[in-house]
Amino acid sequence: MGAEAFGLGKYSLGIGDRFAHEAEAQLVAFIEAARLGVDVTPVWNKSNREHLVVGSEPASVREAAAAAVRALGWQATYFVDADHITAATAERFVEPCDFFTLDVAASIGRPATAAAVEAFCARHGELTAGAQIAGIDVPVALSRETTTRVARHYLEAVAAAGHLYRLIVARRGGAAFLTEVSMDETEAPQTPAELLVILAALADEGIPVRTIAPRFSGRFNKGVDYVGDVAGFAAEFAADIAVVRHAVGAYGLPADLKLSVHSGSDKFSIFPAIRHAIRRLDAGVHVKTSGTTWLEEVVGLAEAGGDGLALVQDVYAGAYVRREELCAPYASVIDIDPACLPTPTEVGRWSSEQFVAAVRHDAQEPAYDRQVRQLMHVGYKVAAEMGDRYTESLIACRESIARNVTDNIFQRHLRPLFIGDQPT
Ligand SMILES: [Zn+2]
């Protein structure tokens, strides 16, 4: 198998399955896209943070994905992503995963040594004299001064990625894997110019990076829509595509290198912009989602009524009193205004329809409540602590949950990202 054959393909979507019950329902959405002639590679991603909250092992993600692939006869490729790992957390992901997202956000801003910065600038004269990039409206402005500043800010993060990459290579014993470098969970976005410097440095470090996840402008809060300037995002995204393409040629990075958008799920206002850009520029993209499937479990349980509804009302009540604790690990990607949250007593009186209307992500629905949705997003810890009561309900309410999971991945993610309104 050549290096290109072992890859994500042009389009890929990361899907999360926190309780490992929805892989089949998720895969049905990819089968539907393929039936319409659009091949999208499924990548099951689960971060160390999610494993810690749920109390699960990375091997369980592989098992659930493989079982779904077998059950539905999926012939195309699929991957299991060790999402947002660091050198401290990589170990238990090494065996079951074949896609590794190296999270180096913690090293961003740690100043590189003057010698390292100097050596980088000396090696990259092209970056100190205003790199020319084809297909970009605004030229990437780089001078000796800016490249020095960017190198000083990012070289330590790139070195951390190199360290982690080599650790995985050594531990995998020759088994192939894909490498993503993520810099998204940080406060400041990276500009296209910064992305170019970072890619040059990753190439210097010898990392065959296949996907790169910058922090884009705007807010990518979990489970709710994008907050920011959509036109500005579209311009930045297109410029980043041009930068990636340029870096592949200039620095010998893998030819199928593409952007990875850690969407936090449900970024409906920018999904069409992503689709238009990748079509216009004939580029690939990887888009990660995660908690959106857990929220469809919530919707499906509420829709089922009876014990299912009572269970999600209890999850809300538990999450309501533990809001600060549950939101803490998601500080940079959750914005809840506690004053706007209904009390557990109110939610306890909601009908099935009211609960579904509040949580299902339909911005046209007047009862849609993004505060409740975000709280439920982080509330999966409460469900995890329910143990068997929760997982047995997933089985009891199988039909309504699977229908919502599939519909959400297909209609609200695969279609706007890769297919469009008209089947292609
Ligand atoms: Zn991320």
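See the structure printed just above.
Let us look at the structure shown here. Computed from a prediction, not measured in an experiment: that's the story for all the values here. (Residues numbered from 1 in each chain as written. Predicted model: local features only at pLDDT ≥ 70, side-chain atom pairs only at ≥ 80, totals over all residues. Heavy atoms only, no water.)

## As for the overall build of the protein chain
Threshold: Counting from the N terminus, the helices are DSSP H or I runs at least four residues long and the strands are E runs at least two residues long. Computation of the radius of gyration draws on C-alpha atoms alone. For the globule rule, the value is 2.2 Å times the number of residues to the power 0.38. A 1.4 Å probe rolled over the protein chains alone gives each residue an accessible area, and that area as a share of the maximum for its type sets the label: buried under 20%, exposed over 50%, partly exposed in between. Every residue pair with non-hydrogen atoms within 4.5 Å of one another is taken to be in contact. Areas reported as accessible are Shrake-Rupley estimates using a 1.4 Å probe. Residue values count occlusion only from the protein chains shown.
Broken down by element type, the protein chain carries 18 helices and eight strands. For 424 residues, the compact-globule estimate of 2.2 N^0.38 gives 22 Å, and the C-alpha radius of gyration of the protein chain, at 21 Å, lies within 12% of that figure. Projecting the C-alpha coordinates of the protein chain onto the three principal axes gives extents of approximately 70 × 50 × 45 Å. Burial statistics for the protein chain: of 424 residues in total, 58% are counted as buried. In the protein chain, the proportion of contacts linking residues at least 24 apart, taken out of those at least 6 apart, comes to 81%. Summing over all exposed atoms, the protein chain offers an accessible surface of approximately 16400 Å²; the carbon and sulfur share of this is 54%.

## Section: the coordination of the zinc ion
Our working definition: Donors, by definition, are the N, O and S atoms found within 2.8 Å of a metal, the threshold being 3.2 Å for Na, K and Ca, and water is not counted, so a site can look incomplete.
Protein-derived ligands of the zinc ion are H84 (NE2), D184 (OD) and H262 (ND1), with the metal-ligand distances lying across 2.0 to 2.2 Å. All donors of the zinc ion belong to a single chain; written as a sequence motif, their spacing is H-x99-D-x77-H. Placement of H84 in strand β3 (residues 79-85) and of D184 in the loop between β5 (178-182) and α7 (192-204) is noted, with a sequence separation of 100 residues between them.

## Some points on helix α10 (residues 292-304)
Our working definition: Given the number of residues in a helix, its expected span is that number minus one, multiplied by 1.5 Å.
Here α10 contains 13 residues, and its C-alpha end-to-end distance of 18 Å stays within 8% of the 18 Å for a straight helix at 1.5 Å per residue. In terms of burial, α10 is a largely internal element, eleven of the 13 residues being buried. Among all positions of α10, only T292, T293, W294, L295, E296, E297, V298, V299, G300, L301 and A302 are buried. Residue G305 follows α10 closely and has a positive phi angle near 70 degrees.

## Topic: the side chain of N404
Structurally, N404 can be placed in helix α18 (residues 398-419). A relative accessible area of 5% means that N404 is categorised as buried. When near neighbours in sequence (up to four residues on either side) are disregarded, N404 contacts E296, V299, G300, E303 and R360.

## Focus: helix α6 (residues 144-172)
The first and last C-alpha atoms of α6 sit 39 Å apart over 29 residues, in line with the 42 Å expected at 1.5 Å per residue. Just downstream of α6, G173 is the residue with a positive phi angle, here 55 degrees.

## Notes on the sheet that holds strand β8 (residues 285-288)
Operational definition: The rule for pairing is simple: two strands pair if DSSP sees at least two bridges between them. Axis definition: a line fit to C-alpha positions, over the contact stretch in the case of helices; interaxial angles, taken between N-to-C directions, run 0 to 180 degrees.
Spatially, eight strands are ordered β1-β2-β3-β4-β5-β6-β7-β8 in a closed barrel, and the strand pairing comes out parallel. On average, each strand axis in the sheet is tilted by 25 degrees relative to the strand beside it, whichever way the strands run.

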